[in-house]
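Notes for the structure review
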Amino acid sequence: MAKRPFVAGNWKMHGTRAELGNITHVSIETETIDEVLVALCVPATLITRAVAASPGFLIGAQDIHHEPKGAFTGSVSAQMVKDAGAKLTIVGHSERRELLGETNAQVRAKAELAIDAGLKTILCVGESLAVRETGQALNFVGDQLDASLPDMVTAPIHLSIAYEPIWAIGTGKVPSAGDIEAMHARIREVLERRYGEGAASIRILYGGSVKGSNAADIFAIDGVDGALVGGASLAPDDFMPIVHAAAAAAKD
Ligand code: 13P
């Protein structure tokens, strides 16, 4: 792996105070694993407690609103999650795009607000099974990314892209190595066209049914710089093997 790998967990709508110990566990175990950047994106309600319990460990949010502030009942802003102690946020997750109808323009606004707030940002893209079956996945994701990327002349610092095919999320299905490689290459092309040479610093993560059992194979694919992990990030016994696989890939 050319870059220091980044393995981020996305807890989705799981986790209360009772699970804080899982975060501390991962934070302690990863302290000595310098080869990998590790983060956990927890529910907004847990951010402050997680940061207090594991100072120095990278805690992230899972979403922010596309406006900086205002009358948006129930939403949280980039500045709010930063104030709570998050150093990172996910934007554009397919569960929000698909279930809540979030648009590329909103995702772009979120990414811009997150970057302005100094948050590391993981911007998610990915195609549905229907799109994959039409053979248009590369074009679909390329266009989706192009329309979701922050409008900046130089490459945004601390931006990562997560390629998460919707049909691979929580299903145990993973695209072939060739399909992942081709998609990451397409994403890299779009990044280079938009940001020039600076795009080289942007990591491209894979997400969708990443487990300890398939992580090494996924990290061996050209163009994969890490993973965004859902279900297997909830328990340290499932998550740590993925981090170790990334560490091993970093040494190759
Ligand atoms: P799973 O790892 O549970 O498939 O979820 C992937 C995901 O959506 C991470 O954001």
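These numbers come from a predicted model, not from an experiment.

1. Structural notes on the packing of aromatic side chains
One pass over the full model with this rule turns up one aromatic pair. With centroids separated by 6.2 Å and ring planes inclined at 65°, the aromatic side chains of Y163 and Y206 adopt a geometry described as edge-to-face. Here Y163, found in strand β6 (residues 159-163), pairs with Y206, found in strand β7 (residues 203-207); they are 43 residues apart in sequence, far enough to count as distant. As far as the burial class goes, Y163 and Y206 line up, both buried.

2. Remarks on the site of the ligand
In the vicinity of the ligand lie 13 residues, with K12, H93, G170, S209 and G231 positioned nearest. For the ligand, an oxygen atom lies 2.8 Å from a polar atom in the side chain of K12. A distance of 2.8 Å separates an oxygen atom of the ligand from a polar atom in the backbone of S209. When the free accessible area of the ligand is taken as 310 Å², the share hidden by the protein chains comes to 96%. Counted by class, the shell around the ligand contains four nonpolar, seven polar and two charged residues.

3. Some remarks on unusual backbone geometry
The backbone of K12 sits at a positive phi, close to 50°, despite the residue not being glycine. For H158, which is not glycine, the phi dihedral falls at a positive 65°. Relative to the elements of secondary structure, H158 occurs in the loop between α7 (137-148) and β6. Look at H158 and you get partly exposed, because its relative accessible area is 46%.

4. Observations regarding the side chain of S27
One can find S27 in helix α1 (residues 20-30). Using a relative accessible area of 8% as the deciding quantity, one classes S27 as buried. In contact with S27, not counting residues within four places along its chain, are S54 and F57.

5. So, the pairing of strand β1 (residues 6-10)
For β1, a buried count of five out of five residues is recorded, marking the element as mostly surrounded by other parts of the structure. Of the two faces of β1, both are covered, the one formed by F6, A8 and N10 as well as the one formed by V7 and G9. Examined bridge by bridge, β1 and strand β2 (residues 37-41) share five bridges and lie parallel to one another. Residue pairing for β2: V7 is matched across the bridge by V38. For the crossover from β1 across α1 to β2, the handedness is right-handed. Pairing of β1 with strand β8 (residues 226-229) involves four bridges; the strand directions are parallel. Pairing of V7 across the sheet is with A227, part of β8.

Basis of the calculations
- Residues numbered from 1 in each chain as written.
- Predicted model: local features only at pLDDT ≥ 70, side-chain atom pairs only at ≥ 80, totals over all residues.
- Heavy atoms only, no water.
- Phe/Tyr/Trp six-rings, centres within 6.5 Å; stacked < 30°, edge-to-face > 60°.
- Helix = DSSP H or I, 4+ residues; strand = E, 2+ residues; numbered from the N terminus.
- Buried < 20%, exposed > 50% of the residue type's maximum accessible area, 1.4 Å probe, protein only.
- Near = heavy atom within 4 Å.
- Polar contact = N/O pair within 3.5 Å; in protein donor to acceptor, adjacent residues only side chain to side chain.
- Areas by Shrake-Rupley, 256 points an atom, 1.4 Å probe, with all protein chains shown as cover.
- Nonpolar A, V, L, I, M, F, W, Y, C, P; charged D, E, K, R; others polar.
- Contact = heavy atoms within 4.5 Å.
- Pairing = 2+ DSSP bridges.
- Right-handed = clockwise from strand over helix to strand, strands pointing away.

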